[in-house]
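Below, each chain spelled out in residue letters.
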Amino acid sequence: MIHTFSFRHKNILLYFLWDVESGSLHVVDYLAFLMCKHHYKLLMTDEEYDDLNSFAVSDRDSTLSEILTLEENNLLNCVSKITNYTKSVDLIKSLCLNVCHDCNLRCKYCFAKDGTYNTLKDFMSPEIGMKAVDFLIAHSNSVRNVEIDFFGGEPLLNLRTVKKVISYARSKEKEYNKLFNFTFTTNCTLLSKKTMDFLNEEMVNVVLSLDGRKLTHDNVRIDKYGKGTYDLALKNALAFKDKRNDKKYYARGTFTSLNLDFCDDIFALVEKGFDQISIEPVVLPSDNSLAIRDEHLDRVLKEYDLFAEKYLESRKSDKWFNFFHFMIDLENGPCINKRLSGCGAGTEYLAISPTGDIYPCHQFVGNKDFVIGNVFDGILNPNIRTIFSKNTIFSKGHCKNCFAKYFCGGGCTANSYNLTGDLHGEYTIGCKLTKKRLELSLAIWAIEKLGL
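In this text the structure is predicted, and so the values were computed from the model without any measurement.

Thresholds, definitions, all that
Residues numbered from 1 in each chain as written. Predicted model: local features only at pLDDT ≥ 70, side-chain atom pairs only at ≥ 80, totals over all residues. Heavy atoms only, no water. Salt bridge = Lys/Arg side-chain N within 4 Å of Asp/Glu carboxyl O. Helix = DSSP H or I, 4+ residues; strand = E, 2+ residues; numbered from the N terminus. Buried < 20%, exposed > 50% of the residue type's maximum accessible area, 1.4 Å probe, protein only. Axes fitted to C-alpha atoms, helices over the stretch in contact; angles between N-to-C directions. Parallel < 35°, antiparallel > 145°, perpendicular 65-115°, else oblique. Left-handed = near helix turned anticlockwise from the far one by under 90°. Contact = heavy atoms within 4.5 Å. Nonpolar A, V, L, I, M, F, W, Y, C, P; charged D, E, K, R; others polar. Disulfide = S-S within 2.5 Å.

Engineer: What is the right way to read the pattern of salt bridges from this model?
Structural biologist: Working definition: two side chains of opposite charge can pair if their charged atoms are close together. Going through the model one piece at a time under the given rule, you end up with 23 salt bridges. Residue Lys-193 is joined to Asp-197 by a salt bridge in which the shortest nitrogen-to-oxygen separation is 3.4 Å. Here Lys-193 and its partner Asp-197 are both found in helix α6 (residues 193–202), four residues apart, which amounts to about one turn of the helix. Relative accessible area serves as the criterion here: at 60%, Lys-193 is assigned to the exposed category. Judged by relative accessible area, which is 33%, Asp-197 ranks as partly exposed. Ionic pairing is found between Lys-241 and Asp-242, a salt bridge with its closest N-O pair at 3.1 Å. Given the relative accessible area of 16%, Lys-241 is considered buried. Judged by relative accessible area, Asp-242 falls into the exposed class, the value being 52%. Through salt bridges that share partners, Arg-213, Asp-261, Asp-264 and Asp-265 make up one connected network.

Engineer: Explain the packing of helix α5 (residues 159–176) against α6 here, please?
Structural biologist: Two quantities define a packed helix pair, namely the angle between the helix axes and the distance between the axes. At a minimum axis separation of 12 Å, α5 and α6 run at an interaxial angle of 30 degrees. With respect to their mutual orientation, α5 and α6 come out roughly parallel. At the point where α5 passes α6, the crossing takes the left-handed sense. Listed contacts from α6 to Leu-159, Val-162, Lys-163, Ile-166 and Arg-170 of α5 are Thr-195, Phe-198 and Glu-202. Classifying every residue of the contact of α5 with α6 gives four nonpolar, one polar and three charged.

Engineer: Could you clarify how one ought to interpret the state of the cysteines in this entry?
Structural biologist: Here is the idea: a disulfide is a covalent bond, and it sits between the sulfur atoms of two cysteines. For the coordinates displayed, the defined rule picks out zero disulfides. Looking at the unpaired Cys-96, the closest cysteine sulfur is the one in Cys-361, lying at 8.1 Å. Since its relative accessible area comes to 2%, Cys-96 is described here as buried.

All quantities given are derived from atomic positions and should not be read as evidence of function.
Here it is as structure tokens:
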């Protein structure tokens, strides 16, 4: 499968050929771009047909010869040898522990309903947390590197259990030949100096929830009294970021219909000193006033274009930073399992509720239809894991002819289910944004690689 696209950089239009199956990216001139579209019967505009015919026949023939040579060397129009795939349920590598179903904030777009997941407010006991560690050890088989993500609600409301879980897991590492990697997500408002020191010491990665500009953040990330939390969250996030040095962290925000100019929010974080940033589109039903809807798409796609060019320039200056969605590696990319199935939800990755119930991932917590078991009795409903194991790009008709399929693995299963009612359903807005980000990621990779 061939995909063609263009990107304007420094007022010069660059043309790209992307071979989906081989992962080969080619930067080409305009004739090769047009000739490739014509040869592979890709959609062309009338203007492009006229432009192609304006080139000399000899130039067209020479370019076609080069295209055919690339084909012969399996660098263009490759055919996949994989036609089916089922994820393994033989082992579990990571758990998300919802250590509390409560939060001190009332973020307007929260998928977890004020951190409660539509359940009673609850806090995971140290005993349940330790049973979760035992469960992970028992089901990770010979895998040495395992992961536990601390999530909520706001997990700092239950730091006691977090500390007990980490201490217990560390005590088991040598006995079972395991290395536990811990990650943590926080809204930053409860970070004390002592807590920062603890998280900095124990966490492989920490996600700091910030939405960019003060107005953007305070519009949606409010406390239970309706007051914005930007000033406190920013102060604490900056203090924690300064402790990390070369350790991983992310300033992670969300953009909604209220801030379709999210490029300004990203650079607001850059100006504050953050250099690892992720700003994600909100995922909400279309009838929610904060949702990204079809009528917003053109604006959002143009904003990504604007941001990509500013991103390239910023990375050449003293304002260098990484943007999560533009981090792509065509030389040492993700393994075939991840390319075909995205995340390991329901198979190698599971979530644990405060009561010890097991779910496919944190976004399914609270939905009793997806309870897999509990940490005391183990897996009681293996059929759910079997269903998720078959959730790959081959189970989703909309993935078949999509050029981005190997970089999203079919997209987020929870988003598909929550917005379409079908684990294999197509969240169309999410798909369009994923395709746009992939094109920009490829263009950025090539531009930086070639020093353009």
